[in-house]
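One letter stands for each residue in the lines below.
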Amino acid sequence: MEATAKATYVRISPRKVQIVLDLIRNQPADKALAILQYTPKAACEPVKKVLKSAMANAENNNNMDTSRLFVSYCNATPGPILKRVQPRAQGRAYRINKRTSHITITVKEMED
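Rules and cut-offs
Residues numbered from 1 in each chain as written. Predicted model: local features only at pLDDT ≥ 70, side-chain atom pairs only at ≥ 80, totals over all residues. Heavy atoms only, no water. Helix = DSSP H or I, 4+ residues; strand = E, 2+ residues; numbered from the N terminus. Buried < 20%, exposed > 50% of the residue type's maximum accessible area, 1.4 Å probe, protein only. Arc of directions from axis to C-beta. Contact = heavy atoms within 4.5 Å. Salt bridge = Lys/Arg side-chain N within 4 Å of Asp/Glu carboxyl O. Disulfide = S-S within 2.5 Å. Core = buried A, V, L, I, M, F, W, Y, C linked by side-chain atoms within 4.5 Å. Polar contact = N/O pair within 3.5 Å; in protein donor to acceptor, adjacent residues only side chain to side chain.

### Structural notes on the environment of Asp 22
- Mapping Asp 22 onto the fold places it in helix 1 (residues 14-24).
- Linking Asp 22 and Glu 109, residues 87 residues apart in sequence, is a C-alpha distance of 20 Å.

If you want it as structure tokens, here you go:
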């Protein structure tokens, strides 16, 4: 049994989110929450929110024990890019890409 949670169109680069996801991959869920709590990265907040949602899905939808959950799969894929223009000297314009992410986290129960 496994439970999944997704956050789509999160306004942070998937590259930055992937760094945080690498910290919690294959960790027990409670330890992963502690890691996210004390890691000074902007991506920790949305990732923590998705992890809590996955744990709640496991408890409420699949009747799994939250103390025995671990992060079995986590991924950040790129979403649509918001394209903006920055005015520059002599009438030029530079493009600014504001990237978005789709964050997916799956939790499973540990085998005894």
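### A word on helix 2 (residues 29-37)
- Along helix 2, the positions that sit buried rather than exposed are Ala 29, Ala 32, Leu 33 and Leu 36. Around the axis of helix 2, the buried residues are gathered within 100 degrees of arc, so they sit on the same side.
- Where helix 2 is buried, its residues contact helix 1, helix 3 (44-62) and strand 2 (69-78).

### Structural notes on unusual backbone geometry
- Here the phi dihedral of Asn 63 falls at roughly 55 degrees; this positive angle occurs in a residue that is not glycine.
- Following the sequence through the fold, Asn 63 ends up in the loop between helix 3 and strand 2.
- The exposure class assigned to Asn 63 is exposed, which follows from its relative accessible area of 68%.
- The phi dihedral of Gln 90 falls on the positive side, at around 60 degrees, and the residue is not glycine.
- Tracing the backbone shows Gln 90 in the loop between strand 3 (82-87) and strand 4 (93-98).
- In this structure Gln 90 comes out as exposed when scored by relative accessible area, which is 72%.

### A look at the pattern of salt bridges
- In the structure shown here, the tally under the stated rule is three salt bridges.
- Of the charged contacts in the structure, one is a salt bridge between Glu 2 and Lys 108, with a shortest N-O distance of 3.9 Å. Taken as a pair, Glu 2 in strand 1 (residues 2-10) and Lys 108 in strand 5 (residues 101-109) lie far apart in primary sequence, 106 residues in all.
- Among the ionic pairs, Arg 68 bridges to Glu 109, the shortest N-O distance being 3.6 Å. You can see Arg 68 sitting in the loop between helix 3 and strand 2 and its partner Glu 109 sitting in strand 5, a full 41 residues away along the chain.

### Some words on the state of the cysteines
- This model, assessed by the stated rule, comprises zero disulfides.
- Cysteine Cys 44 remains unbridged, with the sulfur of Cys 74 as its closest cysteine sulfur at 12 Å.

### Details of the nonpolar core
- By size, the foremost hydrophobic cluster in this structure holds 29 residues, and its most contacted members are Val 17, Leu 21, Val 47, Leu 51, Ile 103, Ile 105 and Val 107.
- Elements with a contribution of two residues or more to this core: strand 1, helix 1, helix 2, helix 3, strand 2 and strand 5.
- The residues touching Ile 105, leaving out its near neighbours within four places in the chain, are Ala 3, Thr 4, Ala 5, Leu 21, Ile 24, Val 47, Val 50, Leu 51, Ala 54, Val 71, Tyr 73 and Cys 74.

### Considering the side chain of Ser 101
- Assignment of secondary structure puts Ser 101 in strand 5.
- Among the polar contacts made by the side chain of Ser 101, one reaches the main-chain carbonyl oxygen of Ile 12 at a distance of 2.4 Å.
- If near-sequence neighbours (up to four positions away) are discounted, Ser 101 is found in contact with Ala 7, Thr 8, Tyr 9, Val 10, Ile 12, Ser 13, Pro 14, Val 17, Thr 77 and Gly 79.

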